[in-house]
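Architecture at a glance
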Amino acid sequence: MHKNREKPIKLLLTWAGSDKWYLFASVFCAFLSGLFVIGPYVGIYHLMDAVLLGTLTRKGLTDCIVLVSVTTVFRMVLLGLSGVLSHKGAYNALFRVRCMIIEKLAKVPLGYVSERSTGEIKTVLNENIEKLELCLAHNIPELVSYLTGPVVIFIYLMTVNIPLALISLIPLFLDIPVMMAVFQKMSALLPETNASLADFNSVMVEYVRGMRLIKAYRMGSKSFKKFREAILDENRAWNKIAKKTAPLYAVFILLLESGLLLLVPLGGRLFLHGSIPASVFLLFSYIGSLYLTELLPLQQLSGNFAQAFSGMNKVKEILALPTFEGGDDFPESHDITLKGVHFSYDGKINVLENANLSIRDGEKIAVVGASGAGKSTVAALIARFHDVDEGEVLIGGKNVKSIRYETLLQHISLVFQKTFLTRDSVFDNIRMGRHASLTAVREAAKKAQIDDFIMSLPDGYDTKVGSYGSRFSGGEKQRIAIARAILKNAPILILDEATSAADPENQMEIDKAIKNLCEGKTVIIIAHRLSVVGMCDRVLVVENHTISDMGTHDELLLRNRNYRKSWESYEAARNIRYGKGGDVR
Ligand SMILES: Nc1ncnc2c1ncn2[C@@H]1O[C@H](COP(=O)(O)OP(=O)(O)OP(=O)(O)O)[C@@H](O)[C@H]1O
């Protein structure tokens, strides 16, 4: 809780780690560059003074030119140096924050990650973090530089004429509440803009992934309403910000430039009364009313800071997600038990109520039930993708909550319905980060019936998979995933409809691969097709929000009406033959 209230700049520096020294050095250079702003003003004032008094000499002119040139060059050099340092610090900090998020996402229960859409995570990793770059590399040094210059000029003006110098500050005091109002308005509206940006990113990812479908159905970009609406929504959100803040920006600029209206009449009066010399009058009329405009970029900075802080909140949200820390070693035995398990995804609708099961070490179980009955949920709870609301999930007699999360995942292999291949080589896709030799990888691939196919590719195991594994068929991808699981050799195996993408030819290969994969393991197969039942010892039926029955295929055929009906339908479908004209026999 305390962390959430941490000051944004302090938090940014914590995230920057040791790179904060680059940021400090950059701020220091920006400060020095701000000090040099005074040079041209002092030079011009002395020039005006000498011209008006008729005391200008060649040396005086040269001194003035040198002062103006040297201070301007120093200012630019320091500003450049500040930029180099701030970018080095900022990009290192960004790298660190992105790594922290990625590491966090790897540690949080999978349930949390899948609940956040890809687009939302992409928005945080990309757009929100980029705003931090803007803040660290540009806005903070700029803020220091923009503030130092006017402060130094003000101090100089005070040495010339205190009353006029103080009067020159009036526009600034009037502007402070306006700037605060801009910041507040931006901060209030940004969550909405962020949400629409995250939505836009989600829809964009969906649009690109669904391109095949869009083309197949000739939906065309215009007809993809969701995409267009997401773009329009994002535009609307930004227009709303512009509408609400533009008038305030205008007031800010007008006020900041209004010094002339005060200093010319007042200074003129003092000059005409002989209270100040002409050079002081001209100094305040020109510089005294202009130096505050150095602060003009601040109006944009307030908006940028608001955006950066809003992005930081998103990063904070992810970094605050709970992780499963600590815990015991994995148990020796691999039997699985569910005791009185209740579970709901949203806290409202119970997907499982009082679910009980007992799977023996080395047993192969098929999980059957209607679509949406909760089969995948049972598997997800065993792998602790979510925590149960009530009851216990035990492996080898130990509650999964007491087993070290990493260890738990190391001992469970999952083959999902949708196979995800990374953009690396086939070799790396099977190894998945572990140290395994080519011989070991090939051994696994042979058992998964995919070695011959991989060897027939132009670069064999070095073949790049390509984005989303687009160059492989569904069946090939599944066999690569099975090879992965064989190599992992975890004692517990969960297969979620792993055979769904197979054609009849592939099916035999996949069946062989699965048989090899399952050898000597405790296996749970989520069976959407009852053919899987043949390779399992027992069947578990999920229906009516619970595990309603568990037994061998023959036992269930005798005692479970719904299972018997499903089996009969499956048998009938299996025996369907097609006649010449396509008629069903
Ligand atoms: N992440 C989630 N958030 C909210 N509800 C979910 C989530 N995942 C699944 N559900 C809901 O929980 C119920 C059970 O889903 P589950 O995926 O376990 O069923 P299933 O039997 O495996 O279905 P299928 O055979 O169609 O894959 C469904 O009503 C589903 O809509």
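Just so it is clear, the structure is predicted and the values come from calculations on it, not from any experiment. (Residues numbered from 1 in each chain as written. Predicted model: local features only at pLDDT ≥ 70, side-chain atom pairs only at ≥ 80, totals over all residues. Heavy atoms only, no water.)

1. Here's the deal with the domain arrangement of the chain
The domain boundaries assigned to the chain delineate domain 1 (3-319) and domain 2 (336-574). On a C-alpha basis, the centroid separation for the pair domain 1 and domain 2 is 53 Å. (Domains from an automatic or database assignment.)

2. Some remarks on the site of the ligand
In the vicinity of the ligand, the contacting residues are Y345, V351, A370, S371, G372, A373, G374, K375, S376, T377 and H528. Side-chain polar atom of S371 to an oxygen atom of the ligand: 2.7 Å apart, as the coordinates give it. Coverage of the ligand by the protein amounts to 60% of the 640 Å² it exposes when considered alone. Of the residues forming the shell around the ligand, the biggest block, 3 residues, is contributed by helix α15 (residues 375-382). (Near = heavy atom within 4 Å. Polar contact = N/O pair within 3.5 Å; in protein donor to acceptor, adjacent residues only side chain to side chain. Areas by Shrake-Rupley, 256 points an atom, 1.4 Å probe, with all protein chains shown as cover. Helix = DSSP H or I, 4+ residues; strand = E, 2+ residues; numbered from the N terminus.)

3. Observations concerning the nonpolar core
Within the largest apolar cluster, 68 residues are counted, with the highest numbers of intra-cluster contacts made by W15, I101, I153 and F284. With 14 residues, the single largest contributor to this core is helix α6 (residues 118-160). (Core = buried A, V, L, I, M, F, W, Y, C linked by side-chain atoms within 4.5 Å. Buried < 20%, exposed > 50% of the residue type's maximum accessible area, 1.4 Å probe, protein only.)

4. Observations regarding the packing of aromatic side chains
Applying the stated criterion across every chain yields a total of 8 aromatic pairs. Ring plane angle 65° and centroid distance 5.2 Å describe the contact between W21 and F24, whose orientation is recorded as edge-to-face. One end of the pair, W21, and the other, F24, are both in helix α2 (residues 20-35), 3 residues apart, so they sit about a helical turn from each other. Look at Y45 and Y156: their rings are 6.2 Å apart centre to centre, the planes differ by 75°, and that puts the pair in the edge-to-face class. (Phe/Tyr/Trp six-rings, centres within 6.5 Å; stacked < 30°, edge-to-face > 60°.)

5. Focus on the environment of F472
Structurally, the position occupied by F472 is in the loop between α19 (451-456) and α20 (474-488). Separated by 51 residues in the primary sequence, F472 and L421 have C-alpha atoms spaced 9.6 Å apart.

6. Comments concerning the sheet that holds strand β4 (residues 390-395)
The 4 strands lie next to each other as β2-β1-β4-β5, forming an open sheet whose pairing is antiparallel. The open sheet is flanked by β2 (350-359) and β5 (398-399), the only strands paired with a single partner. Where strand β1 (residues 336-344) lies against β4, 5 bridges are found, and the strand directions are antiparallel. Paired with T337 across the bridge in β4 is L394. Taken strand by strand, α15 contacts β1, β2 and β4, and its axis lies near 115° from that of β1. (Pairing = 2+ DSSP bridges. Contact = heavy atoms within 4.5 Å. Axes fitted to C-alpha atoms, helices over the stretch in contact; angles between N-to-C directions.)

7. Quick word on the sheet that holds strand β3 (residues 364-368)
Read from one edge to the other, the open sheet built from 6 strands follows the order β6-β7-β8-β3-β9-β10, with strand pairing classed as mixed. The sheet is open, and its two borders are formed by β6 (412-415) and β10 (546-551), each paired with just one other strand. Averaged over all adjacent pairs, the angle separating strand axes in this sheet is 20°, with direction ignored. Two elements, β3 and strand β9 (residues 538-543), share 4 bridges in a ladder whose sense is parallel. Each residue of the ladder has a partner; that of I365, found in β9, is R538. This element, α15, spans β3, β6, β7 (492-496), β8 (522-526), β9 and β10 of the sheet and lies at about 150° to β8. Running at roughly 175° to β6, α20 makes contact with β6 and β7 of the sheet.

8. Focus on the packing of helix α12 (residues 259-272) against helix α13 (residues 278-290)
At a minimum axis separation of 9 Å, α12 and α13 run at an interaxial angle of 175°. The orientation of α12 relative to α13 falls into the category roughly antiparallel. Residues G259, L260, L263, V264, G267, G268 and F271 of α12 form the contact with α13, whose participating residues are A278, F281, F284, S285, G288 and S289. Residue composition of the contact of α12 with α13, grouped by class: 7 nonpolar, 6 polar and no charged. (Parallel < 35°, antiparallel > 145°, perpendicular 65-115°, else oblique. Nonpolar A, V, L, I, M, F, W, Y, C, P; charged D, E, K, R; others polar.)

9. Some details on α15
The element α15 is extensively covered by neighbouring structure, given that 7 of its 8 residues are classed as buried. The set of residues buried in α15 consists of K375, T377, V378, A379, A380, L381 and I382. In the stretch just after α15, R384 is the one whose phi turns positive, near 55°.

10. Points about the pattern of salt bridges
All told, the structure shown has 13 salt bridges when counted by the stated rule. Here E192 ties to K240 by a salt bridge, and the two come within 3.1 Å at their closest N and O atoms. Of this pair, E192 sits in helix α8 (residues 170-209) while K240 sits in helix α11 (residues 225-256), placing them 48 residues apart in sequence. For K240, a relative accessible area of 34% gives the class partly exposed. Of the charged contacts in the structure, one is a salt bridge between D428 and R431, with a shortest N-O distance of 2.9 Å. On the criterion of helical spacing, the pair formed by D428 and R431 is a turn pair, its members being 3 residues apart in helix α17 (residues 426-431). A relative accessible area of 26% means that D428 is categorised as partly exposed. Take R431: its relative accessible area is 22%, and that puts it in the partly exposed class. Overlapping salt bridges, with partners in common, bring together R360, E363 and R538 in one network. (Salt bridge = Lys/Arg side-chain N within 4 Å of Asp/Glu carboxyl O.)

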